[in-house]
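The chain contents come next:
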There are 2 protein chains.
Amino acid sequence: MTEQPSALKNVRIVLVQTWHPGNIGAAARAMRTMGLSQLVLVNPRRFPDEEATRMAAGGEPLLEQARVVESLEDAVSDCGIVVGLSARLRNLALPQFEEGDEMARELMSLAEEMPVALVFGRERSGLTNDEIACCTHQLSLPANPDYPILNLSQAVQVCAHELYRAWRHRRTDSGITTHEGESEREKDLPPTREQMQHFQQSLAAALQEAGFLNQPHAQTLERLQNFYRRASPTRKELSLLQGALKALRQPH
Amino acid sequence: MTEQPSALKNVRIVLVQTWHPGNIGAAARAMRTMGLSQLVLVNPRRFPDEEATRMAAGGEPLLEQARVVESLEDAVSDCGIVVGLSARLRNLALPQFEEGDEMARELMSLAEEMPVALVFGRERSGLTNDEIACCTHQLSLPANPDYPILNLSQAVQVCAHELYRAWRHRRTDSGITTHEGESEREKDLPPTREQMQHFQQSLAAALQEAGFLNQPHAQTLERLQNFYRRASPTRKELSLLQGALKALRQPH
C-alpha cells in the first residue's frame, strides 16, 4: 500500500534557472494535480517569491518543500535516469523518447526502485551543453512545427499527466511484488549518474593514454561515450566494463 | 494532403465565461503549440484584454480570430460531438470518457468529417446544468484525489496534447519515406553478424591477454558479450569500438 506512492515520490521535477517565478508556482500546481511532490530548483532567479506563491494555488506545499541547489549535477547525481526536455536538436546524441507516454512508462518503472528526474531548462535558452551532459535521455514533446514552444509550466503539466497515467496503469496490472535477493536486484538496476560518469572518465583517460584520440575533429570520444550512455548498462555490466578497462590499461 | 489539417481545424475549443483573461491567452498558446486554431469564447468576463494578449505569446493569432458568442448552444450547435470537461460528477448521465487519449481518438476520428468541440467551464464553478445539457459526453481528467484542480489553461494543454497525438498517429499510418544520403544511412545501419562476431572475438582475445578472465565460473566474458549484443551498436559505433580496443591492446 505504501509502495506505489513511493514511486511517485521518486520522481523529481527539476527546473533550471527559471526566469519567471510565476512559472515555478504554476509548475508546482501542475505537479500536485498529478500526485508529484519533489520539486528541485537549480539557481532560480527569484525564489521564494509572491508571484510563485500566487500561481501555485493548491501547490504551495511543494514550494515550501522545494530544494534549491546550485547546479544540475547536484540535483540529479543519485538518479538512475535523467530526462532533459528540449526542442528537437539534431546533433544531440542522447537517446530520445519520441513521445511523452513512452518516457513516462520508462521513468515510472524505474521509479519503483530509485530516484529519477525530469529536467526543464530556462524559458528562452533551455539547457546548456554541460547541463545536457548531465542527462541520460531527452524528450521533445511533439508539437506544432509552426510554433512548438510550450510554456514551461504547461510542459510540466503535460509530462506530469503522462507520469500519473503511467503510474495508475502500472498499478492496475502489476499487483504482485517479487522477492528476489536484494543484491541480485541491485545488480540489474541502472547505475547512478555518478557511477556512469566515473566509467566515462576512465574510458576517456584510457583512450587518451593509448593515443586513440589523435584526431580532435572526429568526435571519437563523444561518439563512444554516447554509445555507452545509450546502451544503458546495468550496474553489474558497468562494473565489468570498468574492470575490463582497468585490466586493459595495465601494462602487460 | 489538405485533408488532415482540416481535421485539426474542425476541433473547437470552447471556454465558457472565463474569469481571468490570462487563462484565455494561455489557452490560446496551448492550442497553437498543438496545432489547434478554433477558439470560441462564451461570454468572457473581459475580452479582448491586455493580460490575455500577454499570456498568449505565439498564440495571438488565435485570439484575433476567436469567436465570441452569448451561449454555449451558439458555440456548438453544428458539432457532432461535444465533450464537457468536469470534475467527476456522479449524477451526470452523460457518457463518460475515462482518459484523455480515449476522448482524443474519438474526437479526431469524427473531426475528419465535421466540427467537434471540447468545452471548458468557469474556473470555479464549471458548467451549469443547461450547459451540461449541450454536451454529448464528459471527460474528467484523472488527477490526484487530494488536489485534482487543474488550472484552466493547463487542462486545455493536456487535452490539446492528446488531440495532437491522436491526429499524428492517425496520419503516420500512411507511411512516408525519407531520403537521406546513402552513406550516412549506412553508418547508422546495424552491423552484419560477421562484423559483430569479429568484435566479440577481439574483445575475448584482448581480455584474455590482459588477464581479466581468470575466474572461469564468473561468466565475465559472456556477460560483456551479451551487453554489447544488447546495446546494438551502429556500424560506425562498432568500428570505433573495434579501433579503441585495438589501441588499448597495443603495448604502450
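Reference entry: report on the structure contained in this document. This is a predicted model, so every value here is computed, not measured. In this convention, every chain numbers its residues from 1, walking through the sequence in written order. Labels are handed out in written order, letters beginning with A for the chains and numbers beginning with 1 for the ligands. Reporting of local features is limited, given that this is a predicted model, to residues whose pLDDT is at least 70; pairs of side-chain atoms are given and counted only at 80 or more, and all residues count toward the totals for whole chains, interfaces and linings. Side-chain figures throughout are based on the complete set of non-hydrogen atoms in the structure, without hydrogens or water.

## Side note on the overall build of chain A
So the rule is basically this: Under the scheme used here, helices are H or I runs from DSSP no shorter than 4 residues and strands are E runs no shorter than 2 residues, and both carry numbers assigned from the N terminus. When accessible area is computed with a 1.4 Å probe and restricted to protein chains, residues below 20% of their type maximum are described as buried, those above 50% as exposed, and intermediate ones as partly exposed. Contacts are residue-level and defined by heavy atoms, with any inter-residue pair within 4.5 Å sufficient. Under the convention used here, a 1.4 Å probe and the Shrake-Rupley method define accessible areas, while residue burial counts only the protein chains that appear.
Of regular secondary structure, chain A possesses 12 helices and 7 strands. Here chain A, with 252 residues, has 56% of them falling under the buried criterion. For chain A, contacts bridging at least 24 residues in sequence account for 83% of all contacts bridging at least 6. Total accessible area on chain A is roughly 11900 Å²; 47% of this is exposed by carbon and sulfur atoms.

## Remarks on the interface of chain B and chain A
Quick reminder of the rule: Joining two parts hides part of their accessible area as seen by a 1.4 Å probe, and the buried area is that hidden amount summed over both. Throughout this description, the term salt bridge denotes a Lys or Arg side-chain nitrogen within 4 Å of a carboxyl oxygen of Asp or Glu. Here a polar contact means two N or O atoms within 3.5 Å. Within protein one must be a hydrogen donor candidate and the other an acceptor candidate, and residues neighboring in sequence count only if both atoms are side-chain atoms. Amino acid classes used here: Ala, Val, Leu, Ile, Met, Phe, Trp, Tyr, Cys and Pro are nonpolar; Asp, Glu, Lys and Arg are charged; the rest, including Gly, are polar.
Counting from both sides, the interface comprises 60 residues of chain B and, opposite them, 61 residues of chain A. Summed over both partners, the interface of chain B with chain A buries about 5100 Å², with 58% contributed by carbon and sulfur atoms. Taken as a group, Tyr147(B), Gln154(B) and Leu248(B) account for 13% of the area that chain B buries against chain A, more than any other trio of residues on that side. Linking chain B with chain A are 9 salt bridges. Among the salt bridges present, the one from Arg168(B) reaches Glu99(A), with a minimum N-O distance of 2.8 Å. Summed over the shared surface of chain B and chain A, the number is 21 residue pairs in polar contact (both at pLDDT 80 or more). Elements supplying a minimum of two residues to the side of chain B that touches chain A: helix H2 (21-33), helix H6 (100-111), helix H8 (152-172), helix H10 (193-209), helix H11 (220-231) and helix H12 (235-249) of chain B. A breakdown of the residues in the side of chain B that touches chain A according to their chemical character gives 29 nonpolar, 17 polar and 14 charged.

## Describing the pairing of strand E6 (residues 116-120) of chain B
Along a regular strand, successive side chains alternate from one face of the sheet to the other. Residues and elements named next belong to chain B. Selection rule: When DSSP finds two or more bridges between a pair of strands, those strands are recorded as paired.
The element E6 is largely enclosed, with a buried count of 5 among its 5 residues. Across the two faces of E6 the burial is the same, with Val 116, Leu 118 and Phe 120 and Ala 117 and Val 119 all buried. The pairing of strand E1 (residues 11-16) with E6 spans 5 bridges and is classified as parallel. Residue Ile 13 lies in a different strand from E6, and its bridge partner there is Leu 118. Both strand E4 (residues 82-85) and E6 contribute to a ladder of 3 bridges, which runs parallel. Note on E6: the bridge partner recorded for Val 83 is Leu 118.

## Examining the side chain of Ser153(B)
With respect to the element layout, Ser153(B) can be found in helix H8. A relative accessible area of 5% places Ser153(B) in the buried class. Among residues more than four places away in sequence, those in contact with Ser153(B) are Gln154(A), Asn23(B), Ala26(B), Ala27(B) and Ala30(B).

## What about unusual backbone geometry?
Across the chain, the bulk of peptide bonds are trans and the bulk of non-glycine residues have phi less than zero. Residues and elements named next belong to chain A. At the junction of Phe 47 and Pro 48, the peptide bond is cis and its omega measures out at -5° in the coordinates. The phi angle at Ala 57 is positive, at roughly 45°, despite the residue not being glycine. Position of Ala 57 relative to the elements: it lies in the loop between helix H3 (50-56) and helix H4 (60-65). According to the relative accessible area criterion, Ala 57 is partly exposed, its value standing at 36%. A positive phi angle, near 40°, is found at Ser 232, a position not held by glycine. If you trace the backbone, Ser 232 turns up in the loop between helix H11 (220-231) and helix H12 (235-249).

## Description of the packing of H12(A) against H11(B)
This is how the line gets drawn: Every axis corresponds to a line fitted to the C-alpha atoms, with the helix fit spanning only the stretch in contact, and the corresponding angles, defined between N-to-C directions, vary from 0 to 180 degrees. Angles are sorted into four bins: roughly parallel if under 35 degrees, roughly antiparallel if over 145, roughly perpendicular if 65 to 115, and oblique for all others.
For the pair H12(A) and H11(B), the least separation of the axes is 10 Å and the interaxial angle reads 110°. When the axis of H12(A) is compared with that of H11(B), the two are roughly perpendicular. Of the residues in H11(B), those touching H12(A) at Lys236(A), Glu237(A), Leu240(A), Leu241(A) and Ala244(A) are Thr220(B), Arg223(B), Leu224(B), Phe227(B), Tyr228(B) and Arg230(B).

## Considering the pairing of E4(B)
All names here are of chain B. The side-chain alternation of E4 yields two buried faces, one formed by Val 82 and Gly 84 and the other by Val 83 and Leu 85. Where E4 lies against strand E7 (residues 137-139), 3 bridges are found, and the strand directions are parallel. Its bridge partner being in E7, Gly 84 is matched across the sheet by Gln 138.

## Quick look at the sheet that holds E1(B)
All names here are of chain B. With parallel pairing, the 7 strands of this open sheet are ordered in space as E3-E2-E1-E6-E4-E7-E5. Two strands in the sheet have a free side with no partner beyond their single neighbour: strand E3 (67-69) and strand E5 (96-97). Packing of H2 onto the sheet brings it into contact with E1 and strand E2 (38-42), and relative to E2 it is tilted by some 160°. Here H6 sits on the sheet and contacts E1, E4, E5, E6 and E7; the angle it forms with E6, its principal contact strand, is near 140°.

## Overview of the pattern of salt bridges
One pass over the structure, following the stated rule, counts 24 salt bridges over all chains. Here Glu73(A) and Arg193(A) are joined by a salt bridge, their closest N and O atoms 2.8 Å apart. Placement of Glu73(A) in helix H5 (residues 72-76) and of Arg193(A) in helix H10 (residues 193-209) is noted, with a sequence separation of 120 residues between them. A residue is classified by how much of its surface remains accessible, and Glu73(A), at 29% relative accessible area, is partly exposed. The exposure class of Arg193(A) is buried, given its relative accessible area of 5%. Between Glu162(A) and Arg165(B) there is a salt bridge whose closest N-O contact spans 2.8 Å. Taken together, the residues span two chains, with Glu162(A) in helix H8 (residues 152-173) and Arg165(B) in helix H8.

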